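Observations on chain architecture
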Amino acid sequence: QSALTQPASVSGSPGQSITISCTGTSSDIGFYNYVSWYQQHPGTAPKLLTFDVHKRPSGVSNRFSASKSGNTASLTISGVQTDDEADYYCCSYTNTNTLVFGGGTKLTVL
Amino acid sequence: QVQLVESGGGVVQPGKSLRLSCVGSGSILSNYFMHWVRQAPGKGLEWVALISFDGNSRSHADSVKGRFTVSRDNSNNTLYLQMNSLRAEDTAQYFCARVPPYSNFAPYSMAVWGRGTTVIVSS
């Protein structure tokens, strides 16, 4: 199972909105509504931001929203803050009963 | 406060075995599906394995299939990862993770994570 495709890096200024894409295939993102997004700061464990495409766990800011269209999922961060500078990973269930992560995207807040 | 604590990591020679453990506190792990995820130094996340709440259903990544086995002991609130025939490319930090509440029908995300335990495979 090949990793999902994410841009290596994105950047934005405080207060802007940014979107990170995650492209898979009809065997994962395109077929199942089981996409999740994670934030990871250096040296720490990942944190779940959204799951089942657009659901947000309790305690996660509503500045984080996610969607899916075809084989591509997206994470949007509204009103980017300096604390949002981190690595972001998408993940999807696949048709082989496994999960696959994206390669990760480094967000830089300018 | 739900907490997961991994242990069992260390330095091991290629071809050898290691067993990782993950103990839960503040949460009855037997109610949840559980995952193992790893991260090689400086690299991204890689899903490793998933086990059902009762241990009767398991799935492993192709990269570890036949070498690694996920299991659990619900009486001790503990998750395991038995790693055999270790290779240099298995060097990574290994995280255990619990699915979100009410997600046992679609246990395909990780809501609670441990801090990880480090495995280094080197001669």
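The text that follows walks through the structure, step by step, so that each part is easy to find. (Residues numbered from 1 in each chain as written. Chains lettered and ligands numbered in written order. Predicted model: local features only at pLDDT ≥ 70, side-chain atom pairs only at ≥ 80, totals over all residues. Heavy atoms only, no water.)

Now for the overall build of chain A. A count of helical and extended segments in chain A gives 0 helices and 9 strands. In sequence order, the secondary structure elements of chain A are arranged as β-β-β-β-β-β-β-β-β. The globule rule puts the C-alpha radius of gyration for 110 residues at 13 Å, and the 13 Å found for chain A is close to it. With respect to the principal axes defined by its C-alpha atoms, chain A has extents near 40 × 25 × 25 Å. Looking at chain A as a whole, 47% of its 110 residues qualify as buried. Intrachain contacts of chain A at a sequence separation of at least 6 include 56% that bridge at least 24 residues. Side chains of chain A give 6 positive and 6 negative charges; the mean places of these two sets differ by 7 Å. (Helix = DSSP H or I, 4+ residues; strand = E, 2+ residues; numbered from the N terminus. Rg over C-alpha atoms; globule rule 2.2 N^0.38 Å. Buried < 20%, exposed > 50% of the residue type's maximum accessible area, 1.4 Å probe, protein only. Contact = heavy atoms within 4.5 Å. Lys, Arg positive; Asp, Glu negative; His and termini not counted. Charge placed at Lys NZ, Arg CZ, Asp CG, Glu CD.)

Residues and elements named next belong to chain B. Summarising burial for strand E9 (residues 92–98): 6 of the 7 residues are buried, a large majority. Where strand E4 (residues 34–39) and E9 come together, 6 bridges link them in antiparallel fashion. Looking across to E9, one finds that His35 is bridged to Ala97. Direction of pairing for E9 relative to strand E11 (residues 117–121): antiparallel, over a ladder of 3 bridges. If you follow Ala92 over to E11, its bridge partner there is Val119. Judged from the 2 bridges that link them, E9 and strand E10 (residues 112–113) form a sheet pairing that is antiparallel. Residue Ala97 lies in a different strand from E10, and its bridge partner there is Trp113. (Pairing = 2+ DSSP bridges.)

Of the residues lining the interface, 18 residues belong to chain A; the matching set on chain B comes to 21 residues. Each partner contributes to the roughly 1600 Å² buried at the junction of chain A and chain B, and carbon and sulfur atoms together form 66% of this total. On the chain A side of the interface with chain B, the three residues burying the most area are Pro46(A), Leu99(A) and Phe101(A), jointly 34% of the side's total. Those elements that provide at least two residues to the side of chain A that touches chain B are strand E3 (35–40), strand E7 (86–93) and strand E8 (99–101) of chain A. Residue classes in the side of chain A that touches chain B are distributed as 11 nonpolar, 6 polar and 1 charged. (Buried area = accessible area lost by both parts, 1.4 Å probe. Nonpolar A, V, L, I, M, F, W, Y, C, P; charged D, E, K, R; others polar.)

In this section: the nonpolar core. Ranked by internal contacts, the top residues of the largest apolar core, which has 47 residues, are Phe101(A), Trp36(B), Leu81(B), Met83(B), Tyr94(B) and Met110(B). Here the element with the most residues in this core is strand E5 (residues 45–51) of chain B; it accounts for 6 residues. Not counting chain neighbours up to four residues away, the residues in contact with Leu81(B) comprise Leu18(B), Arg19(B), Leu20(B), Trp36(B), Val48(B), Phe68(B), Thr69(B), Val70(B) and Tyr94(B). Formed by 23 residues, the second largest nonpolar core is a distinct cluster that contains Val10(A), Ile20(A), Val60(A) and Leu107(A). (Core = buried A, V, L, I, M, F, W, Y, C linked by side-chain atoms within 4.5 Å.)

Residues and elements named next belong to chain A. Spatially, the 3 strands line up as an open sheet ordered E2-E6-E5, and their pairing is antiparallel. Looking at the sheet topology across the chains shown, the edges are occupied by strand E2 (18–23) and strand E5 (64–69). With strand direction ignored, the average angle separating the axes of adjacent strands in the sheet is 20°. Where E5 lies against strand E6 (residues 72–77), 6 bridges are found, and the strand directions are antiparallel. Within E6, the position partnered with Ser69 by the bridge is Thr72. (Axes fitted to C-alpha atoms, helices over the stretch in contact; angles between N-to-C directions.)

Attention now goes to the packing of aromatic side chains. The description of two aromatic rings rests on the distance between their centres and on the angle between their planes. Counting across every chain of the model gives 10 aromatic pairs over all chains. Members of the aromatic cluster, connected to one another through ring pairs, are Phe31(A), Tyr32(A), Tyr34(A), Tyr93(A) and Tyr108(B). The ring of Tyr32(B) has Arg98(B) lying over it, and the distance from NZ or CZ to the ring centre is 3.9 Å. (Phe/Tyr/Trp six-rings, centres within 6.5 Å; stacked < 30°, edge-to-face > 60°. Lys NZ or Arg CZ within 6 Å of the ring centre and 35° of its normal.)

Interpretation in functional terms is not warranted from these geometric data alone.
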